[in-house]
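Structure assessment
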Amino acid sequence: MIPVEDALRTVLAHARPLGAESVGFAAASERVLREPITADRDLPPFDRAQVDGYAVSAASLAGGRGRLRIVDRIAAGQTPRAAIGAGEAAGIMTGAPMPDGADAALMVEETVESDGFVEWPAPGSTPAPVTPGQRVTRRGAEVRSGAVLLEAGERISAAAIGLLATVGKVRVRVGRRPRVTVLSTGDELIHPRTRRPGPARIRDANSHMIASRCRAMGLPVRRLGFVPDDPPQLAEAVARGLAGDALFLSGGVSMGRFDFVEQVLETSGIRLLVTSVAIRPGKPLVFGVAGETGGTLVFGLPGNPVSALTTFEVFARPALERLEGLADPSRPHLRVRLLAPVSKRGPRRGFLPARITTSAAGELLAHPVRSQGSGDIAALALANGLIVIPEDIGAVAAGKTVLAQPLAGCPDPVTGWHDPRR
Ligand code: AMP
Ligand code: MG
C-alpha cells in the first residue's frame, strides 16, 4: 500500500502529454493550449475614443469653457481625414481613432452642438476640467505588439477565444484529446435496462458513470459495457481497450477468488505500477502502462461505485488533463468549513462525499452527505465535492476548515497563476 501522493506522482510521471494538433480557433474552446499566443499588433492599434462625443485638444479648453469648430466626424472603423488645430474639434464615436492634434474626448452629454460648433460645457453643467488623455485609450496601453498574452498549458476559455480572434490567430495548436475506453467487469452485472433483475444481480453503473465523466471533460469515449469475471473474455476486452490512450476497468481488483483483473492485465503486457493505495475508499486501485512510457494508461478502478469515482477523480482526472497538456492538473484545493463532524477509520487518506455551498458572505460550506460507504451511489449522487481527511486524522469537528476536491457543479480548479504579460 503506497501513499496517495506517491501513487499520484507515479501516475502523472507516466502521463506524458499527447501530441498537439492544429485546429481552427473557434473550435479550440475548452481545449488545452499548446503554444504561446503573442500579439500581432498593439492593442488598441490606435489611440481609441472611449465615448461618443468630440475629440479635442485639452489645451483649447484650459480656460474651463470653450466653443470649438467641428472639422470632421469620425465613426468607428474610419481613418480621420484631418488633424485638428487650435479651436477645433472632431465629432467622434466610441471605438474610433483619435485624430492628430487631439488628446482628449468630451462626452456628448456634456456638450451642446449648433451651427457647426460644439460648446463645452453644456449650459447648467459643471464638469471636471478636461485633462490630456481623458476618455482615450492610448495605442498599446492594453497590449504591446509581440507580447506573450497566453502561455501553453492553459485551458482555453471563452475570453481566450475572443483574444485569439482579436490577434488574428485563426489556427491554434491544442493538445490532442485522449481517447478513452471504459469497461466494467463482474459476473453479477446486468444491463441498466433489465426490468426484473434476479435478486443477486446488479445493474452496471460504473461504465456509464466513468464514460459520463470523461465525456463531460470533452473526451471521445468508447464504452465496451461489461464482461464477466472470466480471464479469456477479460483479456479480449483489454486488448480492444489498448487501442486508446486510456483504459478504465472497474471491479475485479480486490482479493476475491474471482478478481482476475490484475492477473489479466499482466498477461496482456501491462506494466503494473500501482496495486494498492492508502486511500479510503479505493484502496485496491490498480494503475499500469501498456509497454513503454507513452503507451495506454490502464486504470483498474475498484468495483464499488463510490470507490470507482473517487479514485477516478483523485488519480485519473489529473492524468487525463496531463495527457491533454494541462500544466497544472486538478487536485484538492477548496477550503471549506464543515457544517457537521466527519470521521474515518484507519490511517488512509479519506475522501467523503459532500455538498458544497456558498454562504451569503461568500464562504464555502461543506455539508457531509450521510453515506453507508463505498457502495452508496445514492449518497454520491447528492455530492458535488469530496472532503479530504488527512491520513493521521480520525475525526474533524463541525466548524473546522478542511480541504475538498470539487466534483461537477463546483468551481474549476485554479491552484496557481503567473501573468505572462509581466
Ligand atoms: P469488486 O471490486 O468486483 O469486488 O466489486 C465490489 C462491489 O462493487 C460489489 O458489490 C460489486 O457488485 C459492485 N460493482 C462492481 N462493478 C460494478 C458496476 N459496474 N456497477 C455497479 N456496481 C458494481
Ligand atoms: Mg467483482
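Everything here concerns the structure above.
Calculation criteria
Residues numbered from 1 in each chain as written. Chains lettered and ligands numbered in written order. Predicted model: local features only at pLDDT ≥ 70, side-chain atom pairs only at ≥ 80, totals over all residues. Heavy atoms only, no water. Axes fitted to C-alpha atoms, helices over the stretch in contact; angles between N-to-C directions. Helix = DSSP H or I, 4+ residues; strand = E, 2+ residues; numbered from the N terminus. Parallel < 35°, antiparallel > 145°, perpendicular 65-115°, else oblique. Left-handed = near helix turned anticlockwise from the far one by under 90°. Contact = heavy atoms within 4.5 Å. Nonpolar A, V, L, I, M, F, W, Y, C, P; charged D, E, K, R; others polar. Core = buried A, V, L, I, M, F, W, Y, C linked by side-chain atoms within 4.5 Å. Buried < 20%, exposed > 50% of the residue type's maximum accessible area, 1.4 Å probe, protein only. Near = heavy atom within 4 Å. Polar contact = N/O pair within 3.5 Å; in protein donor to acceptor, adjacent residues only side chain to side chain. Areas by Shrake-Rupley, 256 points an atom, 1.4 Å probe, with all protein chains shown as cover. Arc of directions from axis to C-beta.

Here we come to the packing of helix H3 (residues 206-216) against helix H6 (residues 305-324). Their axes nearest at 11 Å, the elements H3 and H6 cross at an angle of 30°. Comparing their axes, H6 and H3 come out roughly parallel. Crossing geometry of H3 relative to H6 is assigned as right-handed. Counting all contacts with H3, which are made through Asn206, Met209, Ile210, Arg213 and Cys214, the residues of H6 involved are Pro305, Ala308, Leu309, Phe312, Glu313, Arg317 and Leu320. Counted by class, the contact of H3 with H6 contains eight nonpolar, one polar and three charged residues.

What follows covers the nonpolar core. Residues Phe248, Phe299, Phe315 and Leu320 are the most contacted members of the largest nonpolar core, which totals 45 residues. Of all the elements, H6 adds the most residues to this core, at 10 residues. Discounting chain neighbours no more than four positions away, the residues touching leucine 320 are Pro178, Val180, Cys214, Met217, Leu219, Ala246, Phe248 and Phe312. One finds Ala237, Leu249, Phe260 and Val264 within the second-largest nonpolar core, a separate group that totals 18 residues.

Looking now at the site of ligand 1. Taken together, the neighbourhood of ligand 1 is formed by 16 residues, with Glu188, Asp204, Ala205, Gly252 and Gly303 sitting nearest. Between ligand 1 and the protein, one listed contact pairs a nitrogen atom with a backbone N or O atom of alanine 205 at 3.0 Å. At 3.0 Å, a backbone N or O of glycine 303 approaches an oxygen atom of ligand 1. If ligand 1 stood free it would expose 480 Å²; the protein chains cover 77% of that surface. Every element with two or more residues in the shell around ligand 1 is listed here: strand E13 (180-185) and strand E15 (202-203). Counted by class, the shell around ligand 1 contains four nonpolar, nine polar and three charged residues.

We now examine helix H4 (residues 231-241). Of all the residues in H4, the buried ones are Leu234, Ala237, Val238 and Gly241. Along the axis of H4, the buried residues cluster in a sector spanning 105°; they form a single face. Residues of H4 that are exposed and point over 90 degrees away from its buried face: Pro232, Glu236 and Ala239. Here the buried face of H4 lies against E13, strand E16 (221-227), strand E17 (246-250) and helix H5 (261-267).

Everything listed here is a matter of geometry and, on its own, says nothing about what the molecule does.
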